[in-house]
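Now for the letters of each chain:
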Amino acid sequence: MTYGLRLILLSLLLLCTGVAEPARAEVVVSFYSHDFGDRFPHAFIVLKGQVDATGEPIDVNYGFTATSVSPAILLGSVKGEVQTSKPDYVAKSDRQFDVTIDDATYARLMAKVAEWRDRKQPSYSLGKRNCVHFVMELAEVVGLTVNRKSKLFKKPKSFLIEVKGLNPQLG
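Residues numbered from 1 in each chain as written. Predicted model: local features only at pLDDT ≥ 70, side-chain atom pairs only at ≥ 80, totals over all residues. Heavy atoms only, no water.

(A) Structural context of the nonpolar core. F31, I45, L47, L109, F134 and L144 are the most contacted members of the largest nonpolar core, which has 38 residues in total. Among the elements of the structure, β1 (27-33), β2 (43-50), β3 (57-66), β5 (94-101), α3 (103-117), α4 (131-141) and α5 (156-166) are those that each provide at least two residues to this core. Top element by residues in this core is α4. It accounts for 8 residues. (Core = buried A, V, L, I, M, F, W, Y, C linked by side-chain atoms within 4.5 Å. Buried < 20%, exposed > 50% of the residue type's maximum accessible area, 1.4 Å probe, protein only. Helix = DSSP H or I, 4+ residues; strand = E, 2+ residues; numbered from the N terminus.)

And the structure:
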């Protein structure tokens, strides 16, 4: 067997076993809703996976809510914050759909989360900047079609079902 033939066979063997090319890392963004109750936010995302370029493991969630829930949210804008929820809250919530994203989209998504986190206060408005508006903008960042004129901005689950309906690739 010639050297060239051996090299070709070895290359094919490595390619077939997956050794020739490293496994591609990816981050999965899951969009969640939580029925109304005494815990917030009611719409949020969960990110899990690994950044391809750095190997950084990702396991975090983000939602947007008022820092203090009081009757003041019915009267106008109040102080808002991006927050993470405890695993039990996520477990008791409904995952509506998942989107797998690449490193560039992950970077844009994190920039959008930071934009909401760093907004001038008061940043939360029940009618204009609530948890549903937050996940709507994140859905756009990951390439989903959304209805910016939706009547469902106070109904997290219904809004995410609407987004799923606008994006047949979500199945």
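After that view of the structure, there is still more to cover.
(B) Just the packing of aromatic side chains, in detail. Enumeration over the complete set of coordinates arrives at 8 aromatic pairs. A centroid spacing of 4.9 Å and a plane angle of 25° characterise the contact between F31 and F97, whose relative ring orientation is stacked. Of this pair, F31 sits in strand β1 while F97 sits in strand β5, and the two are 66 residues apart along the sequence. Overall, the relative accessible area of 0% leaves F31 in the buried class. Ring centres of Y32 and F44 lie 5.2 Å apart, and the angle between their planes is 10°; on these two criteria the pair is classed as stacked. (Phe/Tyr/Trp six-rings, centres within 6.5 Å; stacked < 30°, edge-to-face > 60°.)

(C) Examining the packing of α4 against α5 more closely. At their nearest, the axes of α4 and α5 sit 10 Å apart, and the two run at 20° to each other. In terms of their interaxial angle, α4 and α5 are classed as roughly parallel. Handedness of the α4/α5 crossing: right-handed. Residues C131, V132, V135 and M136 of α4 form the contact with α5, whose participating residues are P156, F159 and L160. Taken together, the residues that form the contact of α4 with α5 break down as 7 nonpolar, no polar and no charged. (Axes fitted to C-alpha atoms, helices over the stretch in contact; angles between N-to-C directions. Parallel < 35°, antiparallel > 145°, perpendicular 65-115°, else oblique. Left-handed = near helix turned anticlockwise from the far one by under 90°. Contact = heavy atoms within 4.5 Å. Nonpolar A, V, L, I, M, F, W, Y, C, P; charged D, E, K, R; others polar.)

(D) Focus on the sheet that holds β5. In space, the 5 strands of this open sheet follow the order β4-β3-β2-β1-β5, with antiparallel pairing throughout. Whereas interior strands pair on both sides, the edge strands pair on one side only; in this sheet they are β4 (80-83) and β5. Each strand of the sheet is rotated relative to its neighbour by a mean of 20°, with strand direction disregarded. Where β3 lies against β4, 4 bridges are found, and the strand directions are antiparallel. Each residue of the ladder has a partner; that of G63, found in β4, is Q83. Where α4 meets the sheet, it contacts β1, β2, β3 and β4, and its direction lies at approximately 40° from that of β2. (Pairing = 2+ DSSP bridges.)

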